[in-house]
Amino acid sequence: MRLLHTSDWHLGRAFHRVNMLGAQAEFIGHLVTTVREHGVDAVVVSGDVYDRAVPPLAAVELFDAALHRLADLGVPTVMISGNHDSARRLGVGAGLIGRAGIHLRTEPAACGTPVVLSDVQGDVAFYGLPYLEPALVKDEFGVEKAGHEAVLAAAMDRVRADLATRARGTRSVVLAHAFVTGGEASDSERDITVGGVAAVPAGVFDGVDYAALGHLHGSQTITERVRYSGSPLPYSFSETDHRKSMWLVDLDEEGAVTAERVDCPVPRALARIRGTLEELLADPLLVPQEEAWVEATLTDPVRPAEPMARLCERFPHTLSLVFDPERTPDDPDVSYARRLAGRSDQEIAEDFVAHVRGAGPDEREQTVLRDAFDAVRADETVREVAR
């Protein structure tokens, strides 16, 4: 069986101030063409279909058009909700849509009930594990401590239990939306840290033939059977070096996996340039970047006049301007934002405690802070989904 693995469409998301809806529509067209030209038997979409729980109407219309085009191909599609989606909203009409061959899996309780597709070599069971917010699903899975590894392991126990009841030789595919150890993150993914831990081990997916992952925006091979497709489009300059693609995966009769990447259309190249304003305006080596979307980091010791306007004269698609004067870390003029760069909310809070009272939090206090951050993040998730 030949699968096309994609994820993280983030319909409705912009790239800085650039509306990406046109590029997202072009990607959908490319996906449909790929399915048709490569003889794909099933499409899997591993979450973050939308960029937010209540997407703009134009994004909903594009999704609707995508569903119609996939259904017209007569090729089954299995799709899960991600941490950006409202599972309840995405799942509305799932039963009816399923009659057209588009199988939406958004209910955690149903993770052990597969979509079963067949080819000449037998059955393939597709298990959809929507994004599992630990605080919201721990009771469903009977885990005492809310954590990503615990709830995902419990969900996979249900998958393996169901698979054990199926005919010998049944192959299996799991769709999941999670941060798996060994994956490389970018700046455009929403933090899902719970209890100080975001990642789960790849071994949690042992026992299935292929794990089609979503959440991380770079295409990555964790193991031969565990892969991220990545997002089809860039959503931050941290993705400058990404090769945006989908996985074309073949499962043979024994469940062995072979995979190749299918490149996605690139609306415009990304470039990160750095130097003083005069250096950037004069450097002949930067000619290739003149047509790219640009993030410029200026190292001038004093902020120059009208830097964005001057940069745009040479780099008309400059979208991001960063000031990073060449100073030592202990320079009193180093910005607050620069001092906090790369630090988690937990670390910032602990530093604040140390600054106020002269000593950092002890282990018990660290746990209190961590639980508070987890509670706020879970509450924000509930509020967003309920809108």
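Further up the page is the structure itself.
Residues numbered from 1 in each chain as written. Predicted model: local features only at pLDDT ≥ 70, side-chain atom pairs only at ≥ 80, totals over all residues. Heavy atoms only, no water.

J.: For this particular structure, what's the right way to read the overall build of the protein chain?
T.: Helix and strand counts for the protein chain come out as eleven helices and 19 strands. A compact globule built from 387 residues should have a C-alpha radius of gyration of about 21 Å, and the protein chain, at 23 Å, falls within 12% of that. C-alpha extents for the protein chain along the principal axes are approximately 70 × 55 × 40 Å. A burial count over the protein chain gives 48% of its 387 residues as buried. Sequence-distant contacts in the protein chain: of pairs separated by 6 or more residues, those separated by 24 or more amount to 69%. In the structure as shown, the protein chain presents an accessible area of about 18300 Å², 51% of it carried by carbon and sulfur atoms. Charge centroids of the protein chain, computed over 39 positive and 61 negative side chains, lie 3 Å from each other. (Helix = DSSP H or I, 4+ residues; strand = E, 2+ residues; numbered from the N terminus. Rg over C-alpha atoms; globule rule 2.2 N^0.38 Å. Buried < 20%, exposed > 50% of the residue type's maximum accessible area, 1.4 Å probe, protein only. Contact = heavy atoms within 4.5 Å. Areas by Shrake-Rupley, 256 points an atom, 1.4 Å probe, with all protein chains shown as cover. Lys, Arg positive; Asp, Glu negative; His and termini not counted. Charge placed at Lys NZ, Arg CZ, Asp CG, Glu CD.)

J.: Would you explain helix α5 (residues 134-141) in this entry?
T.: Along an α-helix, a turn takes 3.6 residues, which lines up residues three or four apart on a common side. Of the positions making up α5, those classed as buried are P134, V137 and F141. Across the axial projection of α5, the buried residues extend over an arc of 85°, all falling on one side. Positive backbone phi, at 65°, marks G142, one or two positions downstream of α5. (Arc of directions from axis to C-beta.)

J.: What is the right way to read the pattern of salt bridges from this model?
T.: Where charged atoms of side chains with opposite charge meet at close range, the side chains can pair. Tallying each qualifying case throughout the model produces 15 salt bridges. The partner of D119 in a salt bridge is R171, with the nearest N and O atoms 2.7 Å apart. Taken together, the positions of D119 in strand β7 (residues 115-119) and R171 in strand β9 (residues 171-177) put the pair 52 residues apart, joining distant regions of the chain. Among the residues examined, R171 registers a relative accessible area of 1% and is labelled buried. Of the charged contacts, one joins R166 and D162 as a salt bridge, the two residues approaching to 2.7 Å between their closest N and O atoms. Residue R166 is classed as partly exposed on the basis of its relative accessible area, which comes to 31%. (Salt bridge = Lys/Arg side-chain N within 4 Å of Asp/Glu carboxyl O.)

J.: Just to check I follow, could you spell out the pairing of strand β8 (residues 122-129) for this structure?
T.: Strand residues, when the strand is regular, have side chains that alternate between the two faces of the sheet. Here β8 lies mainly inside the structure; six of its eight residues are buried. Note: β7 against β8, five bridges, orientation antiparallel. When the bridges of β8 are listed, V116 appears paired with A125. The turn joining β7 and β8, which pair antiparallel and follow one another in sequence, is formed by two residues. Sheet topology places β8 next to β9; six bridges connect them, and they run parallel. Note that in β9 the partner of V124 across the bridge is R171. (Pairing = 2+ DSSP bridges.)

J.: Mind showing me how you'd approach the side chain of T106 here?
T.: Mapping T106 onto the fold places it in the loop between β6 (102-105) and β7. In terms of polar contacts, T106 uses its side chain to reach the backbone carbonyl oxygen of A87, at 3.4 Å. (Polar contact = N/O pair within 3.5 Å; in protein donor to acceptor, adjacent residues only side chain to side chain.)

J.: It is not clear to me how the environment of A109 should be interpreted in this structure. Could you clarify?
T.: For A109, the position within the fold is in the loop between β6 and β7. A sequence separation of 32 residues divides A109 from F141, and the C-alpha atoms of the two residues are 8.2 Å apart.

J.: Quick question: what am I supposed to make of the environment of D123 here?
T.: Here D123 shows up in strand β8. Assessed through its relative accessible area of 31%, D123 is described here as partly exposed. Along the sequence, D123 and P361 sit 238 residues apart, while their C-alpha atoms lie 55 Å from each other. The contact partners of D123, leaving out residues within four places of it in the chain, are V116, L117, S118, G169, T170 and R171. A distance of 2.5 Å separates polar atoms of two side chains, one belonging to D123 and the other to S118.

J.: Explanation requested: the packing of α5 against helix α6 (residues 148-164) in the structure shown.
T.: When two helices pack together, you describe them by how their axes are tilted relative to each other and by the distance separating the axes. Contact geometry for α5 and α6: axes closest at 10 Å, N-to-C directions at 40°. Our classification of the angle between α5 and α6 gives oblique. Seen from above, α5 lies across α6 with left-handed handedness. Counted together, P134, V137, K138, E140 and F141 of α5 and H148, V151, A154, A155 and R158 of α6 form the full contact between these two elements. (Axes fitted to C-alpha atoms, helices over the stretch in contact; angles between N-to-C directions. Parallel < 35°, antiparallel > 145°, perpendicular 65-115°, else oblique. Left-handed = near helix turned anticlockwise from the far one by under 90°.)

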